Amino acid sequence: MADAAGRLTKLAEEVLGVPLPVRIRAWDRSESGPPGAPTLVIRHRRALRRLMFKPGELGLARAWVAGDLDIEGDLYDALDRLAGLIWERGDAPAPHRARVLRALARPEVRAAARELLPLAGVPVPPAPPAEEVRRRRGPLHTLRRDKEAISHHYDVGNDFYALVLGPSMVYSCAYWGTAEDGVATLEDAQRGKLDLICRKLGLEEDLRLLDVGCGWGSMVLHAAREYGVRAVGITLSEEQATFARKRIAEAGLADRVEIRVQDYREIHDEPFDAISSVGMAEHVGRTQYAEYADALYALLKPGGRLLNHQIARRPVADEEAYHVDEFIDRYVFPDGELAPLGRTVGQLEEAGFEVRDVEAIREHYALTLRSWVANLEEHWDEAARLTSVGRARVWRLYMAASALSFERNRIGVNQVLAVRTPESGTSDLPLRAREWRTGTHRG
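Report follows, based on the coordinates. (Residues numbered from 1 in each chain as written. Predicted model: local features only at pLDDT ≥ 70, side-chain atom pairs only at ≥ 80, totals over all residues. Heavy atoms only, no water.)

Comments concerning helix H9 (residues 186-200)
Each full turn of the α-helix corresponds to 3.6 residues, which orients residues three or four apart in the same direction. The end-to-end C-alpha separation of H9 is 21 Å, in line with the 21 Å expected for 15 residues at 1.5 Å each. Among the 15 residues in H9, 11 count as buried, and that is most of the element. At the exit of H9 stands Gly-202, carrying a positive phi of roughly 65 degrees. (Helix = DSSP H or I, 4+ residues; strand = E, 2+ residues; numbered from the N terminus. Expected span 1.5 Å × (residues − 1). Buried < 20%, exposed > 50% of the residue type's maximum accessible area, 1.4 Å probe, protein only.)

Here is the structure:
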């Protein structure tokens, strides 16, 4: 059984058709691969069994979360090198499998795989890590199933998120600048993002704001404190709601801000002057997006503005064949779906909105994610204690891989400003784009 690393490297290179860009260290302490490269550490032969019984993303994800598989060296460098094997320029955000499947069909590769089967040990499928979402019941995007999906992602402990996100408790792309701009830190950048949204929405004293997917209350808190609005924030997470209400009470704004555990489909106290939806539409799903757009349109007053801040994927030739990565679906955002920007804009327009501005800020999200990863790594022991080692490993991999995806233009994020323009055609927007009205800003 000696030199497991060399045998695994040989098989990987036969399958991929190119030299492996990372080193491999196996459980028998053997090593193989380019010197000085990041090292893929296979701590236990159980990792091979996971791949045998669930080839592809899910097997790799289970091995990573369980700690059977690890990376030594620069995590970003390792992920970037490995991504180059499964992505091709222009691919949508899903692994490029065709070449791997073709390689696995070759007789010599199948023979090599059979030779390596004894390395995996007892041929029994290992149990999935506890952090994996188990089988889900019922149709997609019902009120109950959406609440369960949101709970999986967000109800993992407010203290854990505080370590990762920092004092702002904002879990969406920040808006970065430079030290000269006064936007040099994550906190500066998150405050800058919240203020940018307020200005795009034209918020003023006593306007009524709805924040869909309010998280821990940062948006409604900023809008009420700095612009004097009356705000309603909705979330499906009980833990988020409890945290947000406490922050708002401590800020003395309970008379201006209400936090509800409520779905956007359950709101019946319209109209609102403005709606912000930041990092929430990714949970809606393509089958429900038209309903989402229609609902927000109906909740706005004529002339009211919507700011939809949403991650977008690259379009694919066959949209019906698109599927969410298994790692994301099982461990991060159950039932979440990304749509191309054009589809999002089209569906908002079909609902009746006039889309007035689109700002692409994908580089900002890469910077944000790298900051969150740094926070997690700095507080690793405490983060693992507050949740589990497996959960911390999920978040580290997901955020680091996502940062690279934004940097490489595999996914993007956009702020779409839309108006429920009245029949008169008066949008009440400035003649020059991006000269957003400041309202009664108190900052």
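Let's talk about the environment of Glu-378
For Glu-378, the position within the fold is in helix H15 (residues 362-378). Using a relative accessible area of 60% as the deciding quantity, one classes Glu-378 as exposed. In this structure, the C-alpha to C-alpha distance between Glu-378 and Val-164, residues 214 residues apart in sequence, is 9.3 Å.

Some points on a nonpolar patch on the surface
Together, Met-52, Phe-53 and Leu-117 line one region of the surface with nonpolar side chains, adding up to about 250 Å² of accessible area. With respect to the element layout, Phe-53 can be found in helix H2 (residues 46-53). (Patch = residues over 30% accessible without salt bridge, like charges linked within 9 Å, V, L, I, M, F, W, Y side chains within 5 Å. Areas by Shrake-Rupley, 256 points an atom, 1.4 Å probe, with all protein chains shown as cover. Salt bridge = Lys/Arg side-chain N within 4 Å of Asp/Glu carboxyl O.)

Looking at empty space enclosed by the protein
For the structure on display, the rule yields 2 cavities of 30 Å³ or more. Of the pockets and cavities examined, the largest cavity occupies roughly 70 Å³. Lining the largest cavity, in full, are Ala-281, Gly-285, Arg-286, Tyr-289, Gln-310, Glu-337, Leu-338, Ala-339, Arg-343 and Gln-347. For the lining of the largest cavity, the per-class residue count stands at 4 nonpolar, 3 polar and 3 charged. By volume, the second largest cavity amounts to about 40 Å³. In this structure, the second largest cavity is lined by Asn-308, Gln-310, Ile-311, Ala-312, Ala-339, Leu-341, Thr-344, Asn-414 and Val-416. Contributing elements (two or more residues each) for the lining of the second largest cavity: strand E9 (300-313), helix H14 (341-350) and strand E11 (411-419). The dominant element in the lining of the second largest cavity, judged by the number of residues it contributes, is E9, at 4 residues. Tallied by class, the residues present in the lining of the second largest cavity amount to 5 nonpolar, 4 polar and no charged. (1 Å grid on protein atoms, 1.4 Å probe; cavity = no way out; pocket = protein on both sides within 12 Å on 5 of 7 lines; lining within 4 Å. Points joined across faces, edges and corners; volume = space filled by probe spheres on them. Nonpolar A, V, L, I, M, F, W, Y, C, P; charged D, E, K, R; others polar.)

Structural notes on the packing of aromatic side chains
In the structure shown here, the tally under the stated rule is 14 aromatic pairs. Ring centres of Tyr-161 and Trp-216 lie 4.7 Å apart, and the angle between their planes is 50 degrees; this geometry places the pair in the tilted category. Placement of Tyr-161 in helix H8 (residues 158-165) and of Trp-216 in the loop between strand E5 (208-212) and helix H10 (218-227) is noted, with a sequence separation of 55 residues between them. For the cation-ring pair, Arg-370 lies above Tyr-76, with the distance from its terminal atom to the ring centre recorded as 3.9 Å. (Phe/Tyr/Trp six-rings, centres within 6.5 Å; stacked < 30°, edge-to-face > 60°. Lys NZ or Arg CZ within 6 Å of the ring centre and 35° of its normal.)

Regarding the pairing of E9
Counting buried residues in E9 gives 11 out of 14 residues, a clear majority hidden from the surface. Here 6 bridges tie strand E8 (residues 272-278) to E9, and the two strands are oriented parallel to one another. Its bridge partner being in E9, Ala-274 is matched across the sheet by Arg-305. You can see the chain leave E8, run along helix H12 (residues 289-299) and come back into E9, and the turn it takes is right-handed. (Pairing = 2+ DSSP bridges. Right-handed = clockwise from strand over helix to strand, strands pointing away.)

Remember, this is a structural readout, not a statement about activity or role.
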